[in-house]
Amino acid sequence: MISAKMQKALNKHLNEELFSSYLYLSMAAYFESKNLNGFANWMKLQSKEEYFHGLKFYDFLHQVGGRVTLSQISAPKTDWKNIKEVFTETLEHEKHITDLINKLVDLAILEKNHATNNFLQWFVNEQVEEVATAEDLVNKLEMIGDNKNGLFMLDRELGTRTAE
Ligand code: OFO
């Protein structure tokens, strides 16, 4: 049902989603180490979301008769200068993932693989949301600057995030 090239590309992207999960868990651990529990809560949930994105690729590959082959997950960064740097890198990472999704869509179109193209459209939409959310947090952090009160309020706000 899918070409060898597409199978390889989808497996590679499964690894990217699992790396995203690992990266955000590392960011959560950084926040925990700074007693920023709200930020940590948000990142931990983000990490779980990425794991589920990875599973969507896992399930889809099986549904179309493909073979899942897991590969090594790179070690994520473990330390950052400050909160803003974490979210600036989150935004950059999400833009990178968007680019990868777009390239997968290009391949699906090239191969006239409508099922895979249709599957990927969920991720096209999801990436719009992911980039917008990260952008919003970077903007908020820029506005807050070093204001402790503002950081406290944002930490409290992000602490209310619950799993979808
Ligand atoms: Fe999987 O959406 Fe972020 O990376």
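Along each chain, the written sequence defines residue order, and numbers are assigned to residues from 1. At least 70 in pLDDT is required for a residue's local features to be given in this predicted model, at least 80 for side-chain atom pairs to be given and counted, and no such filter applies to totals for whole chains, interfaces and linings, which use all residues. The side-chain quantities take in all heavy atoms of the structure and omit both hydrogens and water.

Chemist: Report on the packing of helix α2 (residues 37-63) against helix α5 (residues 148-158), specifying residues and quantitative values.
Modeler: Helix axes use the C-alpha atoms of the stretch in contact, all axes being lines fitted to C-alpha atoms, and the angles between their N-to-C directions lie in the range 0 to 180 degrees. Only DSSP runs of H or I covering at least 4 residues are called helices, and only runs of E covering at least 2 are called strands; the numbering of each starts at the N terminus. Relative to each other, α2 and α5 sit at 40°, their axes nearing to 7 Å. Crossing geometry of α2 relative to α5 is assigned as left-handed. Seen from α2, the contacting residues are Asn-37, Gly-38, Phe-39, Asn-41 and Trp-42; seen from α5, they are Leu-151, Leu-154, Asp-155 and Leu-158. Within the contact of α2 with α5, the residues separate by chemical class into 5 nonpolar, 3 polar and 1 charged. Each crossing is labelled by how the near helix is turned from the far one, with a counterclockwise turn of less than a right angle marking it left-handed and a clockwise turn marking it right-handed. Here, residues are in contact when the closest pair of their heavy atoms is within 4.5 Å. For this classification, the nonpolar set comprises Ala, Val, Leu, Ile, Met, Phe, Trp, Tyr, Cys and Pro, the charged set comprises Asp, Glu, Lys and Arg, and every other residue, Gly included, is treated as polar.

Chemist: Tell me what's going on with the nonpolar core, and back it up with residues and numbers.
Modeler: The nonpolar side chains of a soluble globular protein tend to be buried with one another. One finds Phe-31, Phe-39, Met-43, Val-86 and Phe-87 to be the most contacted residues of the largest nonpolar core, which totals 25 residues. Going through the elements one at a time, α1 (4-33), α2, α3 (83-110), α4 (114-144) and α5 are the ones with two or more residues in this core. Counting residues per element, this core draws most heavily on α1, at 7 residues. If we skip the residues at most four places from it in the chain, Phe-39 touches Phe-31, Ile-83, Phe-87, Leu-141, Leu-151, Leu-154, Asp-155 and Leu-158. Residues belong to one nonpolar core when they are buried, are Ala, Val, Leu, Ile, Met, Phe, Trp, Tyr or Cys, and are joined through side-chain atoms within 4.5 Å. The cut-offs for exposure are 20% and 50% of the maximum accessible area for each residue type, with area from a 1.4 Å probe on protein chains only; residues under the lower value are buried, those over the upper are exposed, and the others partly exposed.

Chemist: Go over the layout of surface pockets, please, and point to the residues and values.
Modeler: Considered as a void within the structure, the largest pocket measures approximately 210 Å³ in volume. Elements that contribute at least two residues to the lining of the largest pocket include exactly α1 and α3. If you tally residues by element for the lining of the largest pocket, the top one is α1, at 6 residues. Taken together, the residues of the lining of the largest pocket sort by class into 4 nonpolar, 1 polar and 6 charged. Buriedness for pockets is judged along seven lines, at least five of which must meet protein on both sides within 12 Å for an open set on the 1 Å grid over protein atoms alone, while cavities are sets there where a 1.4 Å probe fits but cannot get out, and lining residues have an atom within 4 Å of a point. Grid points are joined across faces, edges and corners, and a volume is the space filled by probe spheres set on the points.

Chemist: Explain the side chain of Glu-130 residue by residue, including any values.
Modeler: With respect to the secondary-structure elements, Glu-130 resides in helix α4. Residue contacts for Glu-130: discarding those within four places in its chain leaves Gln-46, Glu-49, Glu-50, His-53 and Glu-94.

Chemist: Pulling in residues and values, what's your account of the side chain of Asn-113?
Modeler: Structurally, Asn-113 can be placed in the loop between α3 and α4. Setting aside anything within four residues of it in sequence, one finds Asn-113 in contact with Met-1, Ile-2, Met-6 and Ala-108.

Chemist: Describe the packing of α4 against α5, naming the residues involved and giving the relevant values.
Modeler: Packing of α4 against α5 leaves a shortest axis separation of 9 Å and a crossing angle of 155°. Overall, the two elements α4 and α5 adopt an arrangement that is roughly antiparallel. Of the two possible hands of crossing, α4 and α5 adopt the one that is right-handed. Between α4 and α5, the contacting residues are Leu-137, Lys-140, Leu-141 and Ile-144 on the first element and Gly-150, Leu-151, Leu-154, Glu-157 and Leu-158 on the second. Of the residues belonging to the contact of α4 with α5, the class tally is 6 nonpolar, 1 polar and 2 charged. Any angle that is under 35 degrees is reported as roughly parallel, and any over 145 degrees as roughly antiparallel; angles of 65 to 115 degrees are reported as roughly perpendicular and all others as oblique.

Chemist: Break down α1 for me, with residues and values.
Modeler: For a helix, the expected span equals 1.5 Å multiplied by the number of residues minus one. The end-to-end C-alpha distance of α1, which contains 30 residues, comes to 44 Å, matching closely the 44 Å that a straight helix rising 1.5 Å per residue would cover. At the C-terminal side of α1, Asn-35 shows a positive phi close to 60°.

Chemist: How would you summarise the packing of aromatic side chains if you had to cite specific residues and measurements?
Modeler: Any Phe, Tyr or Trp ring, taking Trp's six-membered ring, that has another such ring centre within 6.5 Å forms a pair; planes under 30 degrees apart are called stacked, those over 60 apart edge-to-face, and the others tilted. Applying the stated criterion across every chain, the model contains 12 aromatic pairs. Both rings, one in Phe-39 and one in Phe-87, keep their centres 6.0 Å apart while their planes meet at 50°; by these two values the pair is tilted. Taken as a pair, Phe-39 in helix α2 and Phe-87 in helix α3 lie far apart in primary sequence, 48 residues in all. The exposure classification of Phe-39 matches that of Phe-87, with both residues buried. Distance and angle both matter: a charge sits over a ring if NZ of Lys or CZ of Arg is within 6 Å of the ring centre and within 35 degrees of the ring normal. Just above the ring of Trp-122 sits the side chain of Lys-56; from NZ or CZ to the centre is 4.2 Å. Taking the ring centre of Trp-42 as reference, the NZ or CZ of Arg-161 above it sits at 4.8 Å.

Treat this as a map of the structure, not an account of what it does.
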